[in-house]
Amino acid sequence: DDAECETRIRAARAALGKRCVILGHHYQRDEVFRHADFTGDSLKLSRLASQSDAEYIVFCGVHFMAEVADILSRPDQVAILPDLAAGCSMADMANLVAVERCWRELATVLDPESEVTPVTYINSAADLKAFCGRHGGIVCTSSNAQKILEWSFARRGKVLFFPDQHLGRNTGYRMGIPLEEMVTWDFGKPLGGLTEDEIRRARMILWAGFCSVHQMFRPEHIDRFLAQYPDTRVIVHPECSFEVCQKAQYIGSTEYILNTVRAAEPNTRWLVGTELNLVNRLAREVQPQGKSVHFLSPTVCMCSTMFRTDPQHLLWVLENLVEGHVVNRIEVPAAIAAEARGALENMLQVA
Ligand code: 13P
Ligand code: SF4
């Protein structure tokens, strides 16, 4: 049962000592989150993974995060994902075949190697990070996207941004790039469904990917809430649509959202557009300060793949480690890892 599971996780964790570090993303459910040695957004957890000395890095998050931990850690360190089915549906919206086809098609209109910087959101497979490494590109997260885009535009006039169109569009717009200079690449159509002229005029080419959780937040949810509580502060993740971000006063990563609400004056009201586990935990935490935190959508929207990591899977990987068995190791092939590391290290250096 749950109490026994909890006790056994603690015992296994204690038996492993410093040989193991547990990293937990802010979207993890409470029963898992409480076992994390460190918690954070994608950028913070990537840095922690690259700085850790632990033999085993147990990543309570999703697949691309464990891949990054493997790529940035030493070869003798082992990255583990408690449930191998914990993927990210947005990351799956771009794959190497489709991105290489896009690059080839762009080459019929312009010279991508000198005119386009490929930028991949960290929510992507390792081979796409390697693609960026090969083609003079870089990785970004939701907390450094602006700095990464500035770096990218300083090198080449255009950016190909994948897989999340919203992070790309919201960040570009805040940097002063007008919407008319952004096009969306429909990966199901030849030349992304665009004309040659549209591609030549564009500064940002946005992959048509999106997060199925954040797309559920709608501008009318904000309108309705504000009609009832006009003094509410609206804070959202940049994976939300352009229309939602336009109505928010604060936009940023999961870590930014937590820090902003924590630092705010007491007795303030917040409407938060990001995953439910984070919002519920934050609401409980700041309630004693008189701050009220509300979920932006009237319906429940959770990240079902983040939710896959449950205490039973965590217990299973930890008890196996205690017995000397590594289960659910995430190991990126060396050649892909080397190129992906280039793009990730570019990111860590720039921002
Ligand atoms: P953060 O880097 O802001 O934690 O975002 C990760 C993510 O998957 C958001 O959906
Ligand atoms: Fe992926 Fe969206 Fe889940 Fe984040 S919330 S891990 S982007 S599916």
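Being a predicted model, the structure only gives us computed values, none of them experimental.

S.K.: Summarise the site of ligand 1; cite the residues concerned and give the values.
M.R.: In the vicinity of ligand 1, the residues found are H26, D41, S42, N123, T141, S142, C211, H237, E239, S253 and T254. Its residues placed into classes, the shell around ligand 1 shows one nonpolar, eight polar and two charged.

S.K.: I'd like to hear about the domain arrangement of the protein chain, residue by residue, with values.
M.R.: As assigned here, the protein chain comprises domain 1 (2-87 + 306-331), domain 2 (91-210) and domain 3 (214-295). Spacing between the C-alpha centres of domain 2 and domain 3 amounts to 28 Å. The biggest single contributor to the side of domain 2 that touches domain 3 is helix 9 (residues 165-174), with five residues. Looking at side-chain class alone, the side of domain 2 that touches domain 3 contains three nonpolar, six polar and two charged residues.

S.K.: Describe the UniProt feature "binding site: iminosuccinate" (unreviewed entry) in the protein chain, and please don't skip the residues or the numbers.
M.R.: According to UniProt, the "binding site: iminosuccinate" (unreviewed entry) feature falls on H25, S42, Y121, I122, N123, S142, H237, P238, E239 and T254. The topology assignment puts H237 in the loop between strand 10 (233-236) and helix 12 (242-246). Take H237: there are 29 C-beta atoms within 10 Å of it, and that puts it in the buried class. Look past the residues within four positions of H237 in its chain and what remains in contact with it is S142, H214, T254, I257, G273 and T274. Relative to the helices and strands, P238 is located in the loop between strand 10 and helix 12. Since 28 C-beta atoms lie within 10 Å of it, P238 is described here as buried. Leaving out residues up to four positions away in the same chain, P238 has contacts with S142, A145, H166, L167, N170, T171, C245, I251 and G252.

S.K.: Explain helix 13 (residues 254-263) to me, using residue names and the numbers behind them.
M.R.: Of the residues making up helix 13, those classed as buried are T254, I257, L258 and V261. One face of helix 13 carries all of its buried residues, which in axial projection span an arc of 95 degrees. The outward face of helix 13, more than 90 degrees from its buried face, is lined by the exposed residues N259 and A263. At its buried positions, helix 13 is contacted by strand 10, strand 12 (269-273), helix 14 (276-286) and strand 13 (292-295).

S.K.: An account of the sheet that holds strand 6 (residues 138-140) is needed here, citing residue identities and associated values.
M.R.: Spatially, five strands are ordered 6-5-7-9-8 in an open sheet, and the strand pairing comes out parallel. The outermost strands of the open sheet, each flanked by one partner alone, are strand 6 and strand 8 (182-185). Within the sheet, the average angular offset between the axes of one strand and its neighbour, ignoring direction, is 25 degrees. Here five bridges tie strand 5 (residues 116-121) to strand 7 (residues 158-162), and the two strands are oriented parallel to one another. If you follow P118 over to strand 7, its bridge partner there is L160.

S.K.: Explain the site of ligand 2 to me, using residue names and the numbers behind them.
M.R.: Lining the immediate surroundings of ligand 2 are 13 residues, of which C88, M90, C211, V213 and C303 lie closest. Per-class residue counts for the shell around ligand 2 are seven nonpolar, four polar and two charged.

Cut-offs used in this document
- Residues numbered from 1 in each chain as written.
- Chains lettered and ligands numbered in written order.
- Predicted model: local features only at pLDDT ≥ 70, side-chain atom pairs only at ≥ 80, totals over all residues.
- Near = placed C-beta within 6 Å.
- Nonpolar A, V, L, I, M, F, W, Y, C, P; charged D, E, K, R; others polar.
- Domains from an automatic or database assignment.
- Helix = DSSP H or I, 4+ residues; strand = E, 2+ residues; numbered from the N terminus.
- UniProt positions renumbered as here; feature names shortened; annotations may be inferred.
- Buried ≥ 20, exposed ≤ 12 C-beta atoms within 10 Å, placed from the backbone.
- Contact = placed C-beta atoms within 7 Å.
- Arc of directions from axis to C-beta.
- Pairing = 2+ DSSP bridges.
- Axes fitted to C-alpha atoms, helices over the stretch in contact; angles between N-to-C directions.

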